[in-house]
Amino acid sequence: MFTEKQLALNLDPTAIAQSPKFGNLVERAIEILEAMLSSEQLSVQERMNLAAKILELEQQKVIQQTSVASQADSWALNLSEPWKQWIIENKLRQVPDSVLVETMVREGIDAALATQAVSYIATEKTFQTESETLQRLRKLESILTIQRQLTQLSPNFSTIERRDRISREEFLEKYYATNTPVILTGMMADWPALSSWTPDFLKTNYGQAEVQIQFGRSSDPSYEINTNQHKRAIKLSEYVDMVVQGGESNNYYMVANNGNLEREDLKGLFKDFIMFPELLNPESTKGTVFFWFGPAGTVTPLHHDPMNLMMAQVYGRKRWRLISPAATPLVYNDIGVFSRVDLENIDYEKYPLFKDVQIIETVLEPGEVIFVPVGWWHQVKGLDVSISLSFTNFIFPNTYSHQNPHITSSTDTSSTGKAAQSSQVASGQATLLAQQSNLVLNHGPLTNEIVESLNASYLVDEIFAEEPLIISFGFVSWDGLPQFDFYGRTKKLAQLAVNLSTEFWCETYPTVGISAASQD
């Protein structure tokens, strides 16, 4: 039997270095040898031998690490960026490595490459940093989930309390400081506007004023995000006629960010309402008091405001739907303060997390004021022609800092080819990329037979490096998914490219390319 001294002196560092599985033995051997150097029983020659052995092992360790890193880098270089991103996303979603590898192999990637890539990405500093950040975010989300569960135990959770007038102290203690919505009644009883403001009143008294409205909203699903693109100047008399005669519509609306109360020719409206002195600061009205006027059918999409606000309903009714800030992880907040979910038509297949969201619904009648605390999600629909005022000039602190997202490539669109489809296969519920984008992959080269048998919004084959990328657009159908003539249009594009014979287009085209169609 070898003694520890003999074992240490006869270790084969080269063999150890060549076997990454036992690489930790190198570290252990070095520790043993370094400990033996302190022994007084060793001769000078033995100490020299030990020192030489330690040096040899240290060199082998460096070689091994460099070799492993180089090999990993080599594997990484052979993997496309979409696949790398796919691995990172699914590992962050805690999909098992074995499932990732199995999916990659099924998609035609070499098993050794798949295994090495999955293991290597876990060692990257970027992934480790993202993983740590995600763990902290999950902790915050778990706390919000607990808060939601506790709040929903209240029998009054699904309703908003209505109060007839209220003192400053009680409002601050019970609602403002606790981030709790409330509807106040009787607060507008002494407002001349409550009895005088009608569409006809606005036309008669302020009809010549040039105002700004939001127009062309129906053609843009992101009309609130793209608000500056929809601003239009118009005489108030013309707008009143549009509202009264046009019937139910969401195409035009005079909203807060039109800033009409800042216009000199509308300043007279201020004499018709009295700001609540117990709650609001009447000396601070610039950029804090807003005028809303529009037809039935106007919709302010799901969003939260960056501050507390009050809205006073003067004319007509509005339906309010509110969601607690604790549900923020479930509302698909990708851009700024907006949600992607439309409460008028919730698509639970596209937004499955939203199934766990509790919506509080109420109708605000003329003469009522709703307090919407900062961070509360809400979507508002005009049930009638309506006129409203909103206020943010509270006498209490009302400035907050938000870290809003700006996610331009969300998980309902695919930019990663086969990786997007495989992500769904790998994780089951970890991602809904293919399902959400109505993407069809793995169908083989495009032919008319394939195209005519599928109703996907677009079809994708493989993209080949150094080969032309052909994109074929189909037509729009307003009654259903269009039947795109991918095959024929792609052939026309290819023939056109051959005829042009430019540097951009090659004269030889792959039988498998990429074709896509847009419904925008």
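Once a new chain begins, its residue numbering starts again from 1 and follows that chain's sequence as written. In view of the model being predicted, local features appear only for residues whose pLDDT reaches at least 70, and side-chain atom pairs are presented and counted only at 80 or more, with totals across whole chains, interfaces and linings using the full set of residues. Values shown for side chains rest on all heavy atoms present in the structure; no hydrogens or waters enter the calculation.

**Student:** What am I meant to see in the overall build of the chain here?
**Tutor:** Put simply, DSSP H or I for four residues or longer makes a helix, DSSP E for two residues or longer makes a strand, and each gets a number counted from the N terminus. Helix and strand counts for the chain stand at 16 helices and 15 strands. Considering the chain as a whole, with its 520 residues, one finds that 43% of them fall into the buried category. In what follows, residue pairs with any heavy atoms lying within 4.5 Å of each other are defined as contacts. Within the chain, contacts between residues at least 6 apart in sequence are counted, and of these 75% link residues at least 24 apart. For accessible areas, the Shrake-Rupley method is used with a probe of radius 1.4 Å. Any residue's cover is judged against the shown protein chains and nothing else. When the accessible surface of the chain is totalled, it reaches about 27,800 Å², and 53% of it is carbon and sulfur. Accessibility here uses a 1.4 Å probe with only protein chains present; expressed as a share of the type maximum, an area under 20% marks a residue as buried, one over 50% as exposed, and anything in between as partly exposed.

**Student:** Would you take a moment to explain the packing of aromatic side chains for this structure?
**Tutor:** Two aromatic rings are characterised by how far apart their centres lie and by the angle between their planes. Centres within 6.5 Å make a pair out of two Phe, Tyr or Trp rings, where for Trp the six-membered ring is used; the pair is then stacked when the planes are under 30 degrees apart, edge-to-face when over 60, and tilted otherwise. Overall, the coordinates contain 24 aromatic pairs when judged by the stated rule. Summarising the aromatic geometry, the rings of Phe 371 and Phe 394 are spaced 5.9 Å apart at their centres and angled 80° between planes, so their arrangement reads as edge-to-face. Of the two residues, Phe 371 sits in strand β11 (residues 368–372) while Phe 394 sits in the loop between β13 (386–391) and α13 (418–427), which places them 23 residues apart along the sequence. Following the ring pairs from residue to residue traces out a cluster consisting of Trp 191, Trp 197, Phe 270, Phe 273, Phe 276, Phe 291 and Phe 391. The criterion for a charge sitting over a ring is simple: Lys NZ or Arg CZ within 6 Å of the ring centre, and within 35 degrees of the ring normal. Positioned over the ring face of Phe 215 is Arg 232, at 4.3 Å from the centre of the ring.

**Student:** Would you mind showing me how to read helix α6 (residues 97–106) here?
**Tutor:** It helps to recall that an α-helix has 3.6 residues per turn; residues three or four apart then point in one direction. Listed as buried for α6 are Leu 100, Val 101, Thr 103 and Met 104. The buried residues of α6 occupy one face: seen down the axis, they fall within an arc of 165°. In the stretch just after α6, Gly 108 is the one whose phi turns positive, near 100°. By definition, the arc is the one covered by directions from the helix axis to the C-beta atoms.

**Student:** Would you explain a nonpolar patch on the surface in this entry?
**Tutor:** Patch building starts from residues that exceed 30% relative accessible area and form no salt bridge, then joins like charges within 9 Å and nonpolar side chains (Val, Leu, Ile, Met, Phe, Trp, Tyr) within 5 Å. Each salt bridge in this description consists of a side-chain nitrogen of Lys or Arg and a carboxyl oxygen of Asp or Glu lying within 4 Å of one another. On the surface, Leu 137, Leu 140 and Ile 143 cluster together into a nonpolar patch covering about 260 Å² of accessible area. Note that Leu 140 resides in helix α8 (residues 125–151). A relative accessible area of 51% places Leu 140 in the exposed class.

**Student:** Help me out: how do you make sense of the pairing of strand β8 (residues 309–315) in this one?
**Tutor:** Along any regular strand, the residues point their side chains to alternate faces of the sheet. Judged by how many residues are buried, β8 sits mostly within the fold: six of seven residues are covered. We call two strands paired when DSSP finds no fewer than two bridges between them. As judged from the four bridges shared by β8 and β11, these two strands associate in the antiparallel manner. Bridging from a neighbouring strand, Ala 312 pairs with Val 369 of β11.

**Student:** Would you mind going over the pattern of salt bridges with me for this structure?
**Tutor:** Think of it this way: side chains of opposite charge can pair up when their charged atoms draw near. On inspection of all chains with the given rule, the structure shows 15 salt bridges. Lys 174 is the salt-bridge partner of Glu 161, the closest N and O atoms lying 3.8 Å from each other. On the criterion of sequence distance, the pair formed by Glu 161 in the loop between α8 and β1 (162–164) and Lys 174 in helix α9 (residues 168–176) is long-range, its members being 13 residues apart. With a relative accessible area of 34%, Glu 161 lands in the partly exposed category. Of the residues examined, Lys 174 reaches a relative accessible area of 39% and is grouped as partly exposed. A salt bridge links Arg 321 to Glu 361; the nearest nitrogen and oxygen atoms lie 3.2 Å apart. Linking Arg 321 in strand β9 (residues 318–323) with Glu 361 in strand β10 (residues 360–364), this pair joins segments that are 40 residues apart in sequence. Overlapping salt bridges bring together Arg 319, Arg 321, Glu 344, Glu 361 and Lys 381 as one network.

**Student:** What is the right way to look at the sheet that holds β13 in this model?
**Tutor:** Strand pairing in a sheet takes place through backbone hydrogen bonds and is either antiparallel or parallel in direction. Ordered in space as β1-β2-β11-β8-β13-β6, the six strands form an open sheet in which the pairing is mixed. Strands at the two margins of the open sheet, each flanked by one partner only, are β1 and β6 (289–294). When strand polarity is set aside, the average angle formed by the axes of neighbouring strands in this sheet is 25°. For β6 and β13, the ladder comprises six bridges, and the chain directions are antiparallel. Looking across to β13, one finds that Val 289 is bridged to Phe 391. Fitted lines through C-alpha atoms serve as axes, helices being fitted only where they are in contact, and the angles separating the N-to-C directions of these axes extend from 0 to 180 degrees.

**Student:** Hey, could you run me through the nonpolar core in this one?
**Tutor:** Proteins that are soluble and globular tend to have nonpolar side chains buried together. Among buried residues, the Ala, Val, Leu, Ile, Met, Phe, Trp, Tyr and Cys ones that are joined through side-chain atoms within 4.5 Å form a nonpolar core. Counting residues in each nonpolar core, the largest one holds 63 residues, and the members touching the most others are Phe 171, Trp 197, Tyr 239, Phe 291 and Met 310. Within the second largest apolar cluster, 17 residues are counted, among which are Val 95, Met 104, Leu 113 and Ala 117.

**Student:** What should I look at first to understand the packing of helix α11 (residues 199–206) against helix α12 (residues 236–245) in this one?
**Tutor:** Running from N to C, α11 and α12 cross one another at 165°; their axes reach a closest spacing of 9 Å. In this view, α11 runs roughly antiparallel relative to α12, as classed from their interaxial angle. In this structure, the crossing between α11 and α12 has a hand that is left-handed. Only Leu 236, Ser 237, Val 240, Asp 241 and Val 244 of α12 make contact with α11, whose side of the interface consists of Pro 199, Leu 202, Lys 203 and Tyr 206. Nonpolar residues are Ala, Val, Leu, Ile, Met, Phe, Trp, Tyr, Cys and Pro. Charged residues are Asp, Glu, Lys and Arg, and all others, Gly as well, are polar. Of the residues contributing to the contact of α11 with α12, the split by class is six nonpolar, one polar and two charged. Any angle that is under 35 degrees is reported as roughly parallel, and any over 145 degrees as roughly antiparallel; angles of 65 to 115 degrees are reported as roughly perpendicular and all others as oblique. Crossing handedness follows the turn of the near helix against the far one: under a right angle anticlockwise gives a left-handed crossing, and clockwise gives a right-handed one.

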